[in-house]
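Coordinates in review
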Amino acid sequence: MSLNANGAGPDSVEADLDLVAIGEPMVEFNQRDPASPSFLMGHGGDTSNCAIAAARAGARVGYLTRLGWDMFGDQFVELWRREGVDCSAVGRDEKAPTGIYFVTHGPDGHAFTYYRRHSAASLMSPEWLPMGYIHRARLLYVSGISFAISESACDTMLAAIDTARLAGREIALDTNLRLGLWSLPRARAILAEAARMANILRPSIDDARLLTGLENPDAIADHYLRLGARIVALTLGSAGALIATGQHRVRLEPHAVACVDATGAGDTFGGAFLAAHLRGADPFTAGRFANAAAALATRDFGAVAPMPRRREIEAYLDGQP
Ligand SMILES: O=C(O)C(=O)C[C@H](O)[C@H](O)COP(=O)(O)O
C-alpha cells in the first residue's frame, strides 16, 4: 500500500518540496565499546540520512521508500515526522520487514553488517513508484546503495531518474559503493549510467577510485564532469573535499573535530550540500557548508543523532578563521 501515491503529470503538480530522496532506511545497532555486548539503537540508511540532514540544514524534504508493518517501520515514520521530512507517500509491506544493520568499530574505522535481504525496501518496484510525488520536488536524490539492494529496486531507481528528468527536475547521485551488496563490474556499469544522468554527483574518493580506476582527485572530477555532471562534490574522507564545476574548482580543507563515529558523515555532507544548493548558494559556498556539517556529524555515535542543524553549522563556520 502506498499513501497519496499518484501519477499526475509534472504540469499539474507544483514543486512544494525542495528535494525528494528515495532508497532504503535501516534500523541501526551501533557498538560503542567493542568490549561490551550492548549496542546503541539508532536509525540509518544513506538516503534517509541525507533526507534528515537536508531537513536539519533547512530544506523542505520528502522521502520515498517501503517499510515493513513492524515496530521499526513505525519508528521511522515517527522519526521523519519529528524531523519534518514528509513521508506521506511511503509504502508499507505486510509481508516483508524493515531492514536492519550493525555498526562495529575497529582500527580501520567502522564496518557495517546488514540484515536487509528481502526487506520491504528491497521489494520496491517501478509499478509501485509514486511518480507524482517525484514531480513535487525540484530535485531527486538517489544513491548507489539503492541500485544494489535488488534488481527491482535498481529498476525503480532508473524509473525514478527518468521521471525526474522528463519533468525537468535536477538529479543528485551519491555513489555510495557497498561491495558487500554487488560486484564491482556491475556497480561500475550501472553507476556510470546513473552518473551520466546526474546533474550533481557526490562520490567519495574511495568509491571513485574503484569505480573509475583513476587515483588523482582532479582527474576523477574531470572524468565525472565529462560524463555530464554540472557539479562534482568529491569527498576526500579525513582530507576534506574537492568541489568542481566546468569553470572552477576549490579544495576544502578538513575541519579538526574529535571524530567518534564517521557513520553518516558522507550523507550529512550530501544533505547539507543540497539544502544550501537549493536555496541558491553557489557550489563552493554549498561545499563549505557541507564540509563543516559532515565534520560536526562525526562527534558522536550513530548516523542521525549527531547531525547538526543549519544554525549550528553557520555558527561553527562563523567561528572559523
Ligand atoms: O550502508 C548502507 O546501506 C547504509 O545505508 C548504512 C549507513 O547509514 C550509510 O551507509 C552511512 O553512509 P556514510 O554517510 O557513507 O557513512
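Residues numbered from 1 in each chain as written. Predicted model: local features only at pLDDT ≥ 70, side-chain atom pairs only at ≥ 80, totals over all residues. Heavy atoms only, no water.

A few points about the overall build of the protein chain
- A tally of regular secondary structure across the protein chain gives 11 helices and 15 strands.
- For 321 residues, the compact-globule estimate of 2.2 N^0.38 gives 20 Å, and the protein chain sits close to it at 18 Å.
- Taking the principal axes of its C-alpha atoms as reference, the protein chain extends roughly 50 × 50 × 40 Å.
- Of all 321 residues assigned to the protein chain, the portion counted as buried reaches 58%. (Helix = DSSP H or I, 4+ residues; strand = E, 2+ residues; numbered from the N terminus. Rg over C-alpha atoms; globule rule 2.2 N^0.38 Å. Buried < 20%, exposed > 50% of the residue type's maximum accessible area, 1.4 Å probe, protein only.)

A word on the pairing of strand β15 (residues 249-252)
- A one-sided burial pattern is seen for β15, the buried positions being Val-250 and Leu-252 and the unburied ones Arg-249 and Arg-251.
- Taken together, the 4 bridges between strand β14 (residues 241-245) and β15 define a ladder with antiparallel strand orientation. From the neighbouring strand, Leu-242 faces β15, where its bridge partner is Arg-251.
- A loop of 3 residues connects β14 with β15, the two strands running antiparallel in sequence. (Pairing = 2+ DSSP bridges.)

Here we look at the packing of helix α10 (residues 283-296) against helix α11 (residues 310-318)
- Close contact between α10 and α11 brings their axes to 9 Å; oriented N to C, the two are set at 105°. Of the possible angle classes, the one that applies to α10 and α11 is roughly perpendicular. Residues Arg-288, Phe-289, Ala-292, Ala-293 and Leu-296 of α10 pack against Arg-310, Glu-312, Ile-313, Glu-314, Tyr-316 and Leu-317 of α11.
- By residue class, the composition of the contact of α10 with α11 is 7 nonpolar, no polar and 4 charged. (Axes fitted to C-alpha atoms, helices over the stretch in contact; angles between N-to-C directions. Parallel < 35°, antiparallel > 145°, perpendicular 65-115°, else oblique. Contact = heavy atoms within 4.5 Å. Nonpolar A, V, L, I, M, F, W, Y, C, P; charged D, E, K, R; others polar.)

Focus: the site of the ligand
- Among the 18 residues in the neighbourhood of the ligand, the closest are listed as Asp-46, Tyr-101, Tyr-114, Arg-178 and Gly-264.
- With respect to the ligand, the side chain of Asn-49 contributes an N or O atom lying 3.0 Å from an oxygen atom.
- When the ligand is considered free in solution it has 400 Å² of accessible area, and contact with the protein chains removes 95% of it.
- Of the residues forming the shell around the ligand, the biggest block, 3 residues, is contributed by helix α9 (residues 265-278).
- For the shell around the ligand, a count of residues per class yields 7 nonpolar, 7 polar and 4 charged. (Near = heavy atom within 4 Å. Polar contact = N/O pair within 3.5 Å; in protein donor to acceptor, adjacent residues only side chain to side chain. Areas by Shrake-Rupley, 256 points an atom, 1.4 Å probe, with all protein chains shown as cover.)

Re the UniProt feature "domain: Carbohydrate kinase PfkB" (unreviewed entry) in the protein chain
- What UniProt calls "domain: Carbohydrate kinase PfkB" (unreviewed entry) maps, in this numbering, to residues 18-308.
- As annotated, residues 18-308 comprises 38% helix and 24% strand, and the C-alpha atoms at either end are separated by 19 Å. (UniProt positions renumbered as here; feature names shortened; annotations may be inferred.)

Side note on α9
- With 14 residues, α9 extends 20 Å between its outermost C-alpha atoms, agreeing within 8% with the 20 Å of an ideal straight helix rising 1.5 Å per residue.
- Most of α9 sits out of view: 13 of its 14 residues are buried.
- Immediately beyond the C-terminal end of α9, within one or two residues, lies Gly-280, with a positive phi of roughly 100°. (Expected span 1.5 Å × (residues − 1).)

Quick notes on the side chain of Thr-212
- With respect to the secondary-structure elements, Thr-212 resides in helix α7 (residues 205-212).
- With a relative accessible area of 17%, Thr-212 lands in the buried category.
- Within the structure, Thr-212 has its side chain in polar contact with the backbone nitrogen of Leu-214 (distance 3.0 Å).
- The contact partners of Thr-212, leaving out residues within four places of it in the chain, are Arg-188, Ile-220, His-223 and Tyr-224.

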